[in-house]
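# A look at the structure
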Amino acid sequence: MSEQGFSTKAIHAGWDPDERTGAVNVPIYASSTFAQDGVGGMRDGFEYARTGNPTRRVLEANIAAIEAGRFGRGFASGMAATDALLRATLRPGDHLVIPNDAYGGTFRLIDKVFTEWGITYSVAPVVDVEAIRAAITPATKLVWVETPTNPLLNVGDIAAVAEVAHAAGAKLVVDNTFATPYLQQPLTLGADAVVHSTTKYLGGHSDVVGGAIVTNDEQLDSDIAFLQNGAGAVPGPFDAYLTMRGIKTLAVRMDRHCDNAEKLVEFFSAHPKIEKVLYPGLADHPGHAVAAKQMRRFGGMISVQLTGGREAALDFCARTKVFTLAESLGGIESLIEHPGAMTHASTAGSLLEVPDNLVRLSVGIEDADDLLEDVRQALA
């Protein structure tokens, strides 16, 4: 049988209709423990829900399949996944490289927590492979990449960065939350692991918090699995079910997110109150050629800088009616936020500080005309 398409995998991978009942959807196995057939006689490997749960197992297999990976692990949040991946790959005295516009939560975890345990880091523009090469030291064990980045939407060449990282004996991790596996599959481009906040596009409905790691490296997966069980930051079965429910429609949702984003980008690009539009789909975006090479489309995230500075940015955020002022992203509803005061406040005063006039928009799947009218009136 030929390789299945993305949506077929998203709907079916990891689960066949239940043999006993014919249930098409995976059940929510709301059990904290599992009966054993004698001491050590686990049924299908299940003993305790922190170690493994049937609903979670299906989710993990499903995410691995759509990321073109062998091993998937589910977590209670994107930050729990990030923490586990960092702890699986770094030891005191090690060094890592992160983007100079990384997600604020990732930066905070590394800067405030991991440095306390003897980990050092350097920052480099994700767009500049030579700068990443220069930031690598003999102690570097990990290069961490977001592409597109959050919130400046810079684009890194995954294959090129993988080559640089591997030449130095380091692993490459790609946070694929913004792009999703539908638009981009980093493991096929040389990444050693992919991390997701499944809270975002994979869940897609702003009703579940979760995270995931996918890799083809069996030893790395084993190390992650040990931490997943040992530290216990696992998703519950209902969380796993909701995330799978979202993944089934990921492809159709992402196409609508992209369609709407492209129409808004066209509007913003011609508006006098918008100083700059940050979107990889623009022909003059510095990362456009790389994005076109490694992504199916350019995503549903837009960032804009306003000509009136911080006050204009805050005013824009306050005046929208269809766009909801809220953190997070990737849901079916459109969200707007001021990164400097919200999601990236932890970067203030650091090399990762974001511009004060920056507004980030997570473009939902509402009617495009309503979204256009909303931003038009908010900027009036």
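Residues numbered from 1 in each chain as written. Predicted model: local features only at pLDDT ≥ 70, side-chain atom pairs only at ≥ 80, totals over all residues. Heavy atoms only, no water.

Our working rule: UniProt positions are given in the numbering used here, feature names are shortened, and annotations may be inferred rather than shown by experiment.
As named in an unreviewed UniProt entry, the chain is Cystathionine gamma-synthase, taken from Gordonia sihwensis NBRC 108236. The UniProt entry for the chain carries this comment under Sequence similarities (unreviewed entry): "Belongs to the trans-sulfuration enzymes family." UniProt lists a comment for the chain under the heading Catalytic activity (unreviewed entry), and it reads "O-succinyl-L-homoserine + L-cysteine = L,L-cystathionine + succinate + H(+)".

## Remarks on the sheet that holds strand β7 (residues 211–215)
The cut-off we apply is this: Strands are treated as partners if at least two bridges between them are detected by DSSP. Numbered from the N terminus, helices here are DSSP runs of H or I no shorter than four residues, and strands are runs of E no shorter than two. Fitting a line to C-alpha atoms yields each axis, with helices limited to the stretch in contact; the angle taken between N-to-C directions then spans 0 to 180 degrees.
Strand order across the open sheet formed by 7 strands is β1-β7-β6-β5-β4-β2-β3, with mixed pairing between neighbours. In this open sheet, the two edge strands, each paired with only one partner strand, are β1 (71–75) and β3 (120–124). On average, each strand axis in the sheet is inclined to that of its neighbour by 20°, with strand direction left out of account. When strand β5 (residues 171–175) meets strand β6 (residues 193–197), the two strands line up parallel, connected through 3 bridges. Residue pairing across strands places D175 opposite V195, the latter belonging to β6.

## What to know about the sheet that holds strand β8 (residues 274–278)
The strand order β8-β9-β12-β11-β10 describes an open sheet built from 5 strands, whose pairing is mixed. Edge positions in the sheet fall to β8 and β10 (324–325), since each of these pairs with one other strand and no more. Here strand β9 (residues 301–306) runs beside strand β12 (residues 358–362); their pairing, made up of 5 bridges, is antiparallel. Pairing of I302 across the sheet is with L361, part of β12.

## Concerning unusual backbone geometry
Put simply, T147 and P148 share a cis peptide bond, and its omega is -5°. Structurally, P148 can be placed in the loop between β4 (140–146) and α6 (158–167). The step from N150 to P151 runs through a cis peptide bond, and the omega angle for that step is 15°. Considering the arrangement of structural elements, one finds P151 in the loop between β4 and α6. Positive phi, normally seen in glycine, also occurs at A68, with a value near 60°. Of note, the phi angle at T180 is positive, near 70°, even though the residue is not glycine.

## Observations concerning the domain arrangement of the chain
Spelled out, the test is: Residue ranges labeled as domains rest on an automatic or database domain assignment. Here, two residues are considered to be in contact whenever any of their heavy atoms come within 4.5 Å of each other. The quantity reported as buried area is the accessible area (1.4 Å probe) lost by two parts once they are put together, taken as the sum for both. Just to be clear on terms, a salt bridge is a Lys or Arg side-chain nitrogen sitting within 4 Å of an Asp or Glu carboxyl oxygen.
Looking at the assigned domains, one finds that the chain contains domain 1 (6–245) and domain 2 (251–379). Look at where the C-alpha atoms of domain 1 and domain 2 centre, and you get two points 25 Å apart. The interface is formed by 38 residues belonging to domain 1 together with 42 residues belonging to domain 2. Together domain 1 and domain 2 conceal approximately 3,200 Å² of surface at their shared face, both sides included; 64% is due to carbon and sulfur atoms. Applying the counting rule to domain 1 against domain 2 returns 1 salt bridge.

## Some points on the pairing of β1
Put simply, the test is: For every residue, the accessible area obtained with a 1.4 Å probe (protein chains only) is divided by the maximum for its type, and the residue is called buried under 20%, exposed over 50%, and partly exposed between those limits.
With respect to burial, β1 is a largely interior element, 4 of its 5 residues being buried. The sheet contact formed by β1 and β7 spans 5 bridges and is antiparallel. Residue pairing for β7: G74 is matched across the bridge by A212.

## A few points about the UniProt feature "modified residue: N6-(pyridoxal phosphate)lysine" (unreviewed entry) in the chain
Keep this limit in mind: Counting of polar contacts relies on pairs of N or O atoms within 3.5 Å, with two restrictions inside protein: one atom must be capable of donating a hydrogen and the other of accepting it, and residues adjacent in sequence are counted only when both atoms are side-chain atoms.
Under the present numbering, the feature "modified residue: N6-(pyridoxal phosphate)lysine" (unreviewed entry) in UniProt falls on K200. Relative to the helices and strands, K200 is located in the loop between β6 and β7. The residues touching K200, leaving out its near neighbours within four places in the chain, are T177, S328, L329 and G330. Side-chain polar atoms of K200 contact the side chain of S197, separated by 2.8 Å.

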